[in-house]
Amino acid sequence: LQRVNMANAGTMITFPAVGNTSVAADLAEGQEYPESSLEFAGEVTAKMGKSGIAVKLTEEMIRYSMFDIMGMHMKAANEALMRHKEQKCADLIFNNGLTYFNNATSGYYTSGRGPDGLTNGTMTLDDILLMYADMVNSGFVPDTLIVHPFMWFAWMREPVMRDIFLKGFGQGQYFGSFQGAIGSATSFNAGGLNNNTMYSDPQQLATTYSLPGLLPTPLSVIVTPFQTVDTTARTCTVTLCKRSELGLLLVDEEVTTDQFNDPLRDIYKVKFRERYALALKNNGQAIRHALGVNWWNKGYDFDSKLVWQVGTGTLPSLNTGSIDILPNNPG
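Just so it is clear, the model here is predicted, and its values are computed rather than measured. (Residues numbered from 1 in each chain as written. Predicted model: local features only at pLDDT ≥ 70, side-chain atom pairs only at ≥ 80, totals over all residues. Heavy atoms only, no water.)

Undergrad: How should I be thinking about the environment of His-289 in this particular structure?
TA: Inspection of the secondary structure assignment puts His-289 in strand S12 (residues 287–294). In this structure His-289 comes out as buried when scored by relative accessible area, which is 3%. Each C-alpha atom of the pair His-289 and Phe-94 lies 7.9 Å from the other, and the pair is 195 residues apart in sequence. In this structure His-289 touches Ile-93, Phe-94, Asn-96, Gly-97, Leu-98, Thr-99, Tyr-100, Phe-101, Met-131, Thr-237, Val-238 and Thr-239, once residues within four positions along its chain are discounted. Reaching out from His-289, the side chain makes a polar contact with the backbone oxygen of Asn-96 at a distance of 2.5 Å. (Helix = DSSP H or I, 4+ residues; strand = E, 2+ residues; numbered from the N terminus. Buried < 20%, exposed > 50% of the residue type's maximum accessible area, 1.4 Å probe, protein only. Contact = heavy atoms within 4.5 Å. Polar contact = N/O pair within 3.5 Å; in protein donor to acceptor, adjacent residues only side chain to side chain.)

Undergrad: How do you make sense of the layout of surface pockets when you look at a structure like this?
TA: If a probe as big as a water molecule is rolled over the atoms, it shows which places are left empty. What the second largest pocket holds in volume is close to 230 Å³. Lining the second largest pocket are 14 residues; nearest its centre among them are Cys-89, Ala-90, Ile-93, Ile-146 and Ile-222. Mapped by element, the contributors of at least two residues to the lining of the second largest pocket are helix H2 (69–94) and strand S6 (144–147). A per-element tally of the lining of the second largest pocket places H2 first, with 5 residues. For the lining of the second largest pocket, a count of residues per class yields 10 nonpolar, 2 polar and 2 charged. (1 Å grid on protein atoms, 1.4 Å probe; cavity = no way out; pocket = protein on both sides within 12 Å on 5 of 7 lines; lining within 4 Å. Points joined across faces, edges and corners; volume = space filled by probe spheres on them. Nonpolar A, V, L, I, M, F, W, Y, C, P; charged D, E, K, R; others polar.)

Undergrad: Would you explain the packing of aromatic side chains in this entry?
TA: Pairs of aromatic rings are described using the distance from one ring centre to the other and the angle between the two planes. For the structure on display, the rule yields 3 aromatic pairs. Where Tyr-100 meets Phe-101, the ring centres are 4.8 Å apart and the plane angle is 85°; that geometry is what we call edge-to-face. Phe-101 shares its class with Tyr-100; the two are buried. Their ring planes at 80° and their centres at 5.9 Å tell us that Trp-295 and Trp-296 sit as a pair that is edge-to-face. You can call Trp-295 buried: its relative accessible area is 6%. Look at Trp-296 and you get partly exposed, because its relative accessible area is 41%. (Phe/Tyr/Trp six-rings, centres within 6.5 Å; stacked < 30°, edge-to-face > 60°.)

Undergrad: Just checking my understanding: could you explain the side chain of Thr-124 for this structure?
TA: Its place among the elements puts Thr-124 in the loop between strand S5 (98–102) and helix H3 (125–137). Residue Thr-124 is classed as buried on the basis of its relative accessible area, which comes to 1%. Of note is the side chain of Thr-124, whose polar atom sits 2.8 Å from the side chain of Ser-111. The residues contacting Thr-124, other than those within four sequence positions of it, are Ser-111, Gly-112, Met-161, Tyr-300 and Asp-301.

What follows is the structure in structure tokens.
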């Protein structure tokens, strides 16, 4: 999340949600300049909260311990604060945004199919590309795919997705940054060392670059148990997003500690406290969800194959007579 320092700004913070509708234009001599304006879509209100945890130790625990028991407790408290903040950030992302696929309704369905050729709620690369294109159409280029560990397990069982993940979703041949620079591009040479390029005009080389395998930007995959999952229905959510446009982390106070003793009971206590708030950016337009994705069944991509029902429809009947199968002849 984008960090914004908001020290002593109050418990309720309100800021406008705006969209830039400014359009520049070419001007003729004496023509009036077009006026620029921001489209105010409403207001976003964030409530500054306080999170904390305390560590309590007796004097005997500290005195007779043979290891750094205080350091262990403070490390555990710090990790608890981080887990708590991560859960709140996950709730902000997964409870907002736009739903593109929802296998629990009659709307869009993911295209994964089972061995019988029927849709079974699994997800394929084609579905990810559709979500990707929908986000780009809204003005955001996705760079992050957030999945549950069970979804990672499901994609390792699907041939196409497994091939992409094993070759590197973020750094492999499928997803990668544009490569190349101004000058002679070896991929466009006529076919040998020191040969001239196929271009008749050398100036065309100024815009030459090598295309990535599939998408123009890397797509990082985050596997996290904070992602939504239903272990009973064996479904989970898959989220595609642009990381830098998710939301705001409004910080009022960094993690601070207070310590005090209770001499009546020989107790030593340390408390940890931080104050911050979370706010959504862009009204969730930089987030796309696929809900109810099946992670239990195996999924296959059969869109390029015909599935005919024998007995009705295209094949009302099938000749069940003897069929000779010759060696090395699958037909």
